[in-house]
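So you can see what is in the structure, the chains are spelled out below.
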Amino acid sequence: MAEEPVNVNEYQELARQALPKMYYDFYAGGAEDQYTLKENVEAFRRITFRPRVLIDVSKISLSTTILGYNVSAPIMIAPTAMHKLAHPEGEVATARAAAACNVIMILSYMSMCTVEEVASSCDAIRFFQIYVYKRRDITAQLVQRAERSGYKAIVLTVDVPRLGKREADIKNRMIAPQLKNFEGLLSTQVVSDEGSNVKAFADSTFDASLTWKDVGWLRSITKLPILVKGVLTHEDAIKAVEAGAAGIVVSNHGARQLDYSPATISVLEEVVHAVKGKVPVFVDGGVRRGTDVFKALALGAQAVLIGRPVVYGLAAKGETGVRRVAEMLKDELELTMALSGCPTIRDITRGHVITDRERL
Ligand code: FNR
């Protein structure tokens, strides 16, 4: 029997063994040269610590609040598409793991379990991620169903006017078998056999004419707070706040959209400074260690989102795998806090890290 993984990176190999190549590549891949895919991880490695000593770290607390909700750690499950390709229980297994760990799950608009199925499966705190279809009525219906089913926030992903060029998917002729059953598609006319190619589907259904004005439209159809996911510049951070966002997710979509976008951790501070504490800032992309979570918090994030490691855990061991991924990151974060003199999340400051810019 294979050994138990000792860090979340080791779940990637288990997922590779568990999945058909086409699906593994879909989860693992990035856009074009995959420069940003590598950079998302590498940029964390260039940040080092300024640990403090002789501070009472006999008790460590990771607990924090996100949009007012008490959670066990500043870690959320990022929205990732199509969990049934990874495991037959799909997003329900992921949600149960989130509930068991008391972390927030963000359900993808491209999920294969319905918003109601996920809601009734467990009491996880859930946010719902959306894209905006050209058919606004369908998006509005989904938002309203999520609101009725107790989702606590809407995460508007803004970095997909069109799907990025993911070359592994092109080579594999990646087809999503259940695309026709997607929630948002039940009443559309856009699904053809050809439409089950993910890129063709997204490019024909997502509204590429979306602008900041449409955040106002979204606010008019829901009372839920709206997080804008996919911001990488101070200019857009300010626009998001002006548009009424309740939070910002610094994200390059796990390097699946515009290659040569900067590593997210390298632009986090730019966004944090622009936002001036008006709304919380979150970050995702390349978070693979508890030390990475700590670094993101030190640079001003309120929490991080985890994408691929969750999917790998799900592919390898279902709900248990997702739980283990979240627990390992929490354990590593706890150890990092102990070793750097931070008994609580609030104790983590900018002074605890050195970025490569400061070293030059
Ligand atoms: C994603 N991501 C994503 N984002 C989103 O807003 N809606 C979605 O449906 C998806 N789908 C999706 C599928 C897969 C397979 C991946 C890997 C990613 C992006 C995701 O939310 C997040 O931004 C990144 O995954 C974070 O980077 P890491 O943790 O995967 O490095």
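Residues numbered from 1 in each chain as written. Predicted model: local features only at pLDDT ≥ 70, side-chain atom pairs only at ≥ 80, totals over all residues.

1. A short note on the nonpolar core
Link 1 in the chain: Ile-104, Ile-248, Val-250, Val-271 and Val-304 are the most contacted members of the largest nonpolar core, which totals 114 residues.
Link 2 in the chain: Ranked by the residues each element gives to this core, the list is headed by helix 13 (residues 308-340), at 13 residues.
Link 3 in the chain: Contacts of Val-271, omitting those with residues within four sequence positions, involve Val-231, His-234, Ala-237, Ile-248, Val-250 and Val-281. (Core = buried A, V, L, I, M, F, W, Y, C linked by C-beta atoms within 7 Å. Buried ≥ 20, exposed ≤ 12 C-beta atoms within 10 Å, placed from the backbone. Helix = DSSP H or I, 4+ residues; strand = E, 2+ residues; numbered from the N terminus. Contact = placed C-beta atoms within 7 Å.)

2. Quick word on the environment of Thr-320
Link 1 in the chain: Inspection of the secondary structure puts Thr-320 in helix 13.
Link 2 in the chain: For Thr-320, a count of 15 C-beta atoms within 10 Å gives the class partly exposed.

3. Section: unusual backbone geometry
Glycine aside, a negative phi is what most residues show, and trans is what most peptide bonds show.
Link 1 in the chain: With a phi close to 50 degrees, Leu-54 is a non-glycine residue in the positive phi region.
Link 2 in the chain: By the element assignment, Leu-54 lies in the loop between strand 1 (48-49) and strand 2 (64-66).
Link 3 in the chain: Despite not being glycine, Arg-173 has its phi angle at roughly 50 degrees, a positive value.
Link 4 in the chain: When the 8 C-beta atoms within 10 Å are taken as the criterion, Arg-173 is described as exposed.

4. Describing helix 2 (residues 21-28)
Link 1 in the chain: The complete set of buried residues in helix 2 reads Tyr-23, Tyr-24, Phe-26 and Tyr-27. Down the axis, helix 2 shows its buried residues gathered within 160 degrees of arc, on one side only.
Link 2 in the chain: Where helix 2 is buried, its residues touch helix 1 (10-18), helix 7 (167-172) and helix 13. (Arc of directions from axis to C-beta.)

5. Here's the deal with the confidence of the model for the chain
Link 1 in the chain: Across the chain, pLDDT averages 93, with 94% of residues at or above 70.
Link 2 in the chain: Per-element mean pLDDT across the chain ranges from 80 in helix 8 (residues 198-205) up to 99 in strand 10 (residues 281-284).
Link 3 in the chain: Long-range and interchain partners of residues 186-195, a stretch whose pLDDT sits below 50, account for 15 contacts in this model, where long-range means more than four residues apart.
Link 4 in the chain: Predicted complex, confidence summary: ipTM 1.00, pTM 0.96. (pLDDT = per-residue confidence, 0-100.)

6. Quick word on the pairing of strand 5 (residues 104-107)
Link 1 in the chain: Residues Ile-104 and Ile-106 point to one face of strand 5 and Met-105 and Leu-107 to the other, with burial holding for every one of them.
Link 2 in the chain: Summarising the sheet, strand 4 (residues 75-77) and strand 5 pair through two bridges and their orientation is parallel. Bridging from a neighbouring strand, Met-76 pairs with Ile-104 of strand 5.
Link 3 in the chain: As for the winding sense of the linkage, the β-α-β connection from strand 4 through helix 4 (residues 90-101) to strand 5 is right-handed.
Link 4 in the chain: Pairing geometry for strand 5 and strand 6 (residues 126-130), over three bridges, is parallel. The partner of Met-105 across the bridge, within strand 6, is Arg-126.
Link 5 in the chain: Crossover handedness for the path strand 5 to helix 5 (residues 115-121) to strand 6: right-handed. (Pairing = 2+ DSSP bridges. Right-handed = clockwise from strand over helix to strand, strands pointing away.)

7. Here's the deal with the site of the ligand
Link 1 in the chain: Taken together, 25 residues sit near the ligand, with Ala-78, Thr-157, Gly-254, Gly-307 and Arg-308 positioned nearest.
Link 2 in the chain: Of all the secondary structure elements, the ones that give two or more residues to the shell around the ligand are strand 11 (303-306) and helix 13.
Link 3 in the chain: Considered class by class, the residues forming the shell around the ligand number ten nonpolar, eleven polar and four charged. (Near = placed C-beta within 6 Å. Nonpolar A, V, L, I, M, F, W, Y, C, P; charged D, E, K, R; others polar.)

8. Considering the packing of helix 4 against helix 13
Link 1 in the chain: For the pair helix 4 and helix 13, the least separation of the axes is 8 Å and the interaxial angle reads 10 degrees. By the criterion of interaxial angle, the relationship of helix 4 to helix 13 is roughly parallel. Taken together, the residues of helix 13 that come into contact with helix 4 (itself represented by Ala-93, Thr-94, Arg-96, Ala-97, Ala-100 and Cys-101) are Val-310, Leu-314, Gly-318, Glu-319, Val-322, Arg-323, Ala-326 and Glu-327.
Link 2 in the chain: In terms of residue class, the contact of helix 4 with helix 13 is made up of eight nonpolar, two polar and four charged. (Axes fitted to C-alpha atoms, helices over the stretch in contact; angles between N-to-C directions. Parallel < 35°, antiparallel > 145°, perpendicular 65-115°, else oblique.)

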